[in-house]
Amino acid sequence: MKGSGKISSVYSWGTGRRYNAFPDYFLGKFGERMQKLSIDAGFTCPNRDGTKGKGGCTYCNNKAFNPSYCLPEKSITRQIEEGIEFHRKRYRKARSYLAYFQAYSNTYGPPDELALKYNEALEHTDVRGIVIGTRPDCVNDQILDLLQEISRKNIVIIEYGIESCYDKTLNRINRGHTFREAVEALEATSRRGIDTGAHFIFGLPGETPEEMMNEAEIISTLPLKSVKFHQLQIIKGTRMEIEYLNNPSDFCIFSWEEYLSFIIRFIERLNPEIVVERFTGEAPPGFLSVQRWGLKRTDQIIGLIEDKLEELDTWQGKHYKKRK
Ligand code: SF4
């Protein structure tokens, strides 16, 4: 079956699931499920240390997303061991792992130092590859060449924080890079045959729901293998919290029902070739300044989204129009 249509119960991505889901993609490509293990390898970020900016992105508090075993004082190997133990208790199916360099900007350093850190992770017998979270302005030819070399024998995904397709928003949230820089980083990565991922946030200040919806068309044209979408969460102690408390009407904080409706329509417009890894984010409740959704777990949320797709008899890419 081709394009965004549907024949019998299988979609163009080869499964009966109504969206192109990351676990299915992995299973199809590598023959097994893999669990990501978060690692804090002690990097910092050019948007915090003054190289690009100070104070970081207005919503940023990395502690909200780092699992407890993830501390830069521990070696990468130890974090992997502890991560495997942590996940074994919860997800018995995974036997292989991807080391997820998650905290801060994980390409921010000299290539020799980067190579040492990535290789330490890859030397672990249960680790099949690395996922590198970074900023679009934090890669260059040398770093991409290094990752291309590593990708010849290992799984490598570079996951860029892009957050918005609009420069007015990137400026306002103090990202310190433009959307054009994000596109260039994706193109340079994809040209080298390295899998590209990207992260986007819905609900950033100053963006209308219509502008957010229009991002489906823009994202659909990017050389992206996978995407993660998050609803905006206001994290305690961030500059964005102050901005929100001073001017809440400038933010589009979705209720769960609003977000469900939004994300279904968004997915209908998204290129069916792009694999969706996440629909929502989930900072621990203690970090949240604004509690809106109650305590829905990720698997419950995915179930509710799948039920809604079924109820509406719709699917990823149903209304996607490929640009000529
Ligand atoms: S680029 Fe990432 S780590 Fe750096 S300030 Fe922004 S969100 Fe935080």
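Refer to the structure printed above.
The shown structure was predicted, so the numbers you read here are calculated from the model rather than taken from an experiment. (Residues numbered from 1 in each chain as written. Predicted model: local features only at pLDDT ≥ 70, side-chain atom pairs only at ≥ 80, totals over all residues. Heavy atoms only, no water.)

## Overview of the site of the ligand
Then step 1. Taken together, 10 residues are adjacent to the ligand, and Cys 45, Gly 56, Cys 57, Cys 60 and Arg 135 come closest.
Then step 2. Of the residues assigned to the shell around the ligand, the class counts are 5 nonpolar, 2 polar and 3 charged. (Near = heavy atom within 4 Å. Nonpolar A, V, L, I, M, F, W, Y, C, P; charged D, E, K, R; others polar.)

## Focus on the nonpolar core
Then step 1. In terms of nonpolar packing, the biggest core is built from 69 residues, with Phe 101, Ile 130, Leu 147, Phe 200, Ile 219 and Phe 229 touching the most fellow members.
Then step 2. The element contributing the most residues to this core is helix α9 (residues 256-269), with 8 residues.
Then step 3. When near neighbours in sequence (up to four residues on either side) are disregarded, Leu 147 contacts Thr 107, Tyr 118, Ile 130, Ile 132, Val 156, Ile 158 and Ile 194.
Then step 4. By size, the runner-up hydrophobic cluster in this structure holds 13 residues, among which are Tyr 59, Cys 60, Leu 232 and Met 240. (Core = buried A, V, L, I, M, F, W, Y, C linked by side-chain atoms within 4.5 Å. Buried < 20%, exposed > 50% of the residue type's maximum accessible area, 1.4 Å probe, protein only. Helix = DSSP H or I, 4+ residues; strand = E, 2+ residues; numbered from the N terminus. Contact = heavy atoms within 4.5 Å.)

## With respect to helix α1 (residues 22-30)
Then step 1. Taken together, the buried positions of α1 are occupied by Phe 22, Asp 24, Tyr 25 and Phe 26.
Then step 2. Residue Gly 31 follows α1 closely and has a positive phi angle near 75°.

## Quick notes on the packing of aromatic side chains
Then step 1. Considering all chains together, one arrives at 20 aromatic pairs under this definition.
Then step 2. Aromatic side chains Tyr 244 and Phe 251 sit 5.3 Å apart centroid to centroid with 85° between the ring planes, which places their arrangement in the edge-to-face category.
Then step 3. Exposure remark for Tyr 244: the relative accessible area of 13% places this residue in the buried category.
Then step 4. Aromatic pair Phe 262 and Phe 266: ring centres 5.7 Å apart, planes at 35°, arrangement tilted. (Phe/Tyr/Trp six-rings, centres within 6.5 Å; stacked < 30°, edge-to-face > 60°.)

## Some words on the pairing of strand β4 (residues 155-163)
Then step 1. The element β4 is extensively covered by neighbouring structure, given that 9 of its 9 residues are classed as buried.
Then step 2. The alternating pattern of β4 places Ile 155, Ile 157, Glu 159, Gly 161 and Glu 163 on one face and Val 156, Ile 158, Tyr 160 and Ile 162 on the opposite face, and all of these are buried.
Then step 3. Where strand β3 (residues 127-134) meets β4, 6 bridges bridge the pair, whose relative direction is parallel. Paired with Thr 134 across the two strands is Tyr 160, which belongs to β4.
Then step 4. Between β3 and its parallel partner β4, the chain crosses via helix α4 (residues 141-151), and the hand of that crossover is right-handed.
Then step 5. Sheet topology note: the β4/strand β5 (residues 195-202) ladder contains 6 bridges and is parallel. Within the sheet, the bridge partner assigned to Ile 158 lies in β5 and is Thr 196. (Pairing = 2+ DSSP bridges. Right-handed = clockwise from strand over helix to strand, strands pointing away.)

## A few points about empty space enclosed by the protein
Then step 1. Overall, the coordinates contain 1 cavity of 30 Å³ or more when judged by the stated rule.
Then step 2. If you go around the largest cavity, the residues you meet are Phe 22, Ile 157, Glu 159, Gly 197, Ala 198, Ser 226, Val 227, Lys 228 and Glu 277.
Then step 3. Breaking the lining of the largest cavity down by element, the ones donating at least two residues are β4, β5 and β6 (226-231).
Then step 4. A per-element tally of the lining of the largest cavity places β6 first, with 3 residues.
Then step 5. Considered class by class, the residues forming the lining of the largest cavity number 4 nonpolar, 2 polar and 3 charged. (1 Å grid on protein atoms, 1.4 Å probe; cavity = no way out; pocket = protein on both sides within 12 Å on 5 of 7 lines; lining within 4 Å. Points joined across faces, edges and corners; volume = space filled by probe spheres on them.)

## Digging into the pattern of salt bridges
Then step 1. One pass over the full model with this rule turns up 29 salt bridges.
Then step 2. A salt bridge links Glu 306 to Arg 17, with the shortest nitrogen-to-oxygen separation between them at 2.7 Å. Of this pair, Glu 306 sits in helix α10 (residues 298-311) while Arg 17 sits in the segment before α1, placing them 289 residues apart in sequence.
Then step 3. Given the relative accessible area of 26%, Arg 17 is considered partly exposed.
Then step 4. The residue Lys 168 makes a salt bridge to Glu 211 at a minimum N-O spacing of 2.9 Å. One end of the pair, Lys 168, is in helix α5 (residues 167-172); the other, Glu 211, is in helix α7 (residues 209-220), with 43 residues separating them in the sequence.
Then step 5. By relative accessible area, Lys 168 is classed as partly exposed at 43%.
Then step 6. Connected through shared salt-bridge partners, Lys 36, Glu 159, Lys 228 and Glu 277 make up one network. (Salt bridge = Lys/Arg side-chain N within 4 Å of Asp/Glu carboxyl O.)

## Focus on the packing of helix α2 (residues 76-88) against helix α3 (residues 111-122)
Then step 1. Two elements in contact, α2 and α3, have axes separated by 9 Å at closest approach and are oriented at 35°. Note that α2 runs across α3; the crossing there is right-handed. Seen from α2, the contacting residues are Ile 76, Thr 77 and Ile 80; seen from α3, they are Lys 117, Glu 120 and Ala 121.
Then step 2. Its residues assigned to classes, the contact of α2 with α3 shows 3 nonpolar, 1 polar and 2 charged. (Axes fitted to C-alpha atoms, helices over the stretch in contact; angles between N-to-C directions. Left-handed = near helix turned anticlockwise from the far one by under 90°.)

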